[in-house]
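A closer look at the structure
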Amino acid sequence: MTVPETEPLGALEDDRDAAWAAASAAGRVDDAFRERFDAQFPRLHDLFSRLYADRPDGRDALAQTIALAAGSWNARPLDLKVRDAQRGADGEWFQSERMLGGVCYVDRYGGNLAGIRDQIPYFRELGLTYLHLMPLFLGPEGDNDGGYAVSSYRKVDPSLGSISQLTELAAELRLAGISLVLDFIFNHTSNEHEWARKAVAGEPGYEDFYLIFPDRTMPDAYEQTTREIFPDDHPGSFVQLDDGRWIWSTFYHFQWDLNYANPWVFRAMAGEMLFLANLGVDVLRMDAVAFIWKRLGTACESLPEAHLLLQAFNAVLAMAAPGLVFKSEAIVHPDEVVSYISPEECRLSYNPLQMALTWEALATRDARLLQQALDRRHELPAGTAWVNYVRSHDDIGWTFADEDAAELGIDGYAHRRFLNDFYVGRHEGTFARGVPFQENPKTGDARVAGTTASLAGIEAGDPGGEDRVVLAHALALSTGGIPLLYLGDEVAQLNDPTYLDDPVRRGDSRWVHRGQRPRDRYAERDDPDTAAGRVFRRLTKLVSVRQSTPEFAGNALITFHTPHPSVVGYQRPLGEAVDGDPEASRVLVLGNVGDAEVAIDPLTLSGFARTARDLVHDVDLDLDEGLALPPHGFVWLRVTPL
Ligand code: GLC
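Here, residues in each chain are numbered from 1, in the same order as that chain's written sequence. Only residues with pLDDT of 70 or above have their local features reported here, since the model is predicted, and side-chain atom pairs are shown and tallied only from 80 upward, although totals for entire chains, interfaces and linings are computed over all residues. The side-chain quantities take in all heavy atoms of the structure and omit both hydrogens and water.

1. A look at the site of the ligand
In the neighbourhood of the ligand, the contacting residues comprise D145, Y148, H188, F230, F251, Q255, R285, D287, E329, H393, D394 and R510. In protein, a polar contact requires one atom able to donate a hydrogen and another able to accept it; more generally it is a pair of N or O atoms within 3.5 Å, and residues adjacent in sequence count only if both atoms are side-chain atoms. In the model, an oxygen atom of the ligand is placed 2.6 Å from a nitrogen or oxygen of the D145 side chain. In this structure, E329 approaches the ligand through a side-chain N or O atom, which is 2.9 Å from an oxygen atom. Here the Shrake-Rupley method, with its probe set to 1.4 Å, supplies the accessible areas, and only the displayed protein chains count as covering residues. When the ligand is considered free in solution it has 310 Å² of accessible area, and contact with the protein chains removes 95% of it. When the residues that make up the shell around the ligand are grouped by side-chain class, the tally is three nonpolar, three polar and six charged. When we say a residue is near a molecule or strand, we mean one of its heavy atoms is within 4 Å of it. Each residue receives one of three labels: charged for Asp, Glu, Lys and Arg, nonpolar for Ala, Val, Leu, Ile, Met, Phe, Trp, Tyr, Cys and Pro, and polar for the others, Gly being one of them.

The following block contains the structure:
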């Protein structure tokens, strides 16, 4: 990297001229880019001024970022520019009822990229429109946190394939109507990344790429207020280098946090982001967003600058790859989760609260916390959507707000302990067969790992197991946004304890739910005498109903209360339809998390016309007769409000 001339940020016009000059020097710039530059530059300038006001080289870092964006736009393949235009015309493509996400590891599910390509017909059969491939870039040999320690964002792990195979796969997926989702792991790199090696060696331009301290003074000061994320790996937020210095490592000791207080780090990562964009990625999953900015005396999570940085990345994207959207991965307090969701930051976000509370409700047989979350924490800004999931490749953490729980007389701390005990099989009578993840004896904190089928009771042979799997998916498929399926769950994949025999994976219990593609269960998927077959048939039916039910598009949700604590209820209106529109149909969803049948009386349903359509069974129901919700049962009813 050339050592920049130093010039701080100044007036908008001067800095704009400097940036445009840098962009023009880097090559031809077309009108389309100029237009977007004009639209985005003031925003990016403002963000840079707020983030990097005290940097003597702020103007140069900004100008070089623009030059990078211009170069990337020039290099963007034509078919992706066409895609940008389509996405621009339909900015809310991800709100469609046809959306269905899938997620898998390339090696575990397909062996390699060629194997994933061979699965495209199956993905189509399933109805996928979005495929998240877990990190597939070059990482350290042995443990690399399942790919979340990246040594180069420009090289595919050679055991999985090559960049050209990835580009071809993206194009084939696009033809099949499936958007490719990849991670943007921008909080940290692996300790083997070129930047990491140069930083440790003190190479000019790289000394400040990471947060390195000569002794424990600053680490001790920061650790007064930071929390331990992976306490099984190392205490606190720092690890020691061979030369005795200390480096910031929020996650594993081989994942070093980047120093975004240095604008050249922003510029460098923007370059990696645009490289991914030009491969044909549609959605970037913004990994570990909450951690990207640090300030002494704070938790160093979700600081205001983290938002400014996301906005700045967003502005760069809007100039050079405008069809892409960000998906936020913030597994934090629900107030913080929503703070990342907006058209200016992330249009999509995981919904960890709904995920965790679905499991909470199944354990307690009480849906009130889940209902409360749907009532008051579901709404999102226009133009954004949730990604709703039953489980992911990560652990389940109980991220509900203590203040919400307290309103229902629930003590958050004790409740989390109960839930952990329940799901790791320590609670008497539990149906779950999970395992603990990152239990911290100092704080009593822990999280849970396990596949959906094992957590829901199928592994334990509980009679309600299959129903719970289907019910959990029926909720994720119907609350709004993009439902995301962990591939393998549709055939009731069980825990894989063999990770314990693998010295690299033994220490990370999340591998229990990241087994290989379960061939035997896929072979049984048409056999109704097997759990795999029954779950597959029921889930694929739900997917096909969802994809032909326009009420399930978007995020609008009108709550619906019954007098039964084990029942969660909500209505999905057609479009923006609101109360009182006589023409409007809605889909009423009622789910029973309890072990006993619940009778919903006609009075509770008296706000609707008498005839309702059961969408899953394709029959009409007479609401004068009330409704019987079986244990762990649910209905999707098309109703007409009176
Ligand atoms: C995210 C990933 C998780 C990983 C961590 C560190 O939370 O989902 O799997 O361990 O980031 O990159």
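Moving on from the coordinates now.
2. Here we look at the domain arrangement of the chain
These domain limits were set by an automatic method or by a database of domain assignments. Under the domain assignment, the chain is made up of domain 1 (1-75) and domain 2 (553-639). In this structure, domain 1 and domain 2 have C-alpha centres spaced 53 Å apart.

3. A word on the pattern of salt bridges
Between side chains of opposite charge, pairing is possible as soon as their charged atoms come close. By convention in these notes, a salt bridge is any Lys or Arg side-chain nitrogen within 4 Å of a carboxyl oxygen on Asp or Glu. Summed over the entire model, instances satisfying the criterion amount to 47 salt bridges. Between E551 and R638 there is a salt bridge, with the nearest N and O atoms lying 2.8 Å from each other. Placement of the pair is E551 in the loop between α21 (531-547) and β18 (558-559) and R638 in strand β25 (residues 634-639), with a sequence separation of 87 residues. Note on exposure labels: buried denotes an accessible area under 20% of the residue type's maximum, exposed denotes more than 50%, and partly exposed covers the range between, all computed with a 1.4 Å probe on protein chains only. The class of R638 is partly exposed, set by a relative accessible area of 27%. Connected through salt bridges with shared partners, the residues D145, D394, D508, R510 and R514 form a single ionic network. Starting at the N terminus, helices and strands are each numbered in turn, a helix being any DSSP run of H or I of at least four residues and a strand any DSSP run of E of at least two.

4. Remarks on helix α2 (residues 31-52)
Here α2 is 22 residues long and its end C-alpha atoms lie 29 Å apart, about the 32 Å a rise of 1.5 Å per residue gives. At Q40, α2 shows its maximal bend, which comes to roughly 40 degrees, and the proline P42 appears one to four places after that position. Restricting attention to buried positions, one finds in α2 the residues F33, R36, F37, Q40, F41, L44, H45, L47, F48, L51 and Y52. Should any heavy atoms of two residues lie within 4.5 Å, those residues are considered in contact. Buried-residue contacts for α2 involve α1 (12-25), α3 (58-75), α11 (263-279) and α12 (304-320). One less than the number of residues in a helix, times 1.5 Å, gives the span that helix is expected to have. Across the chain, bend at a residue is computed as the angle between axes fitted to the seven residues ending at that point and the seven starting from it.

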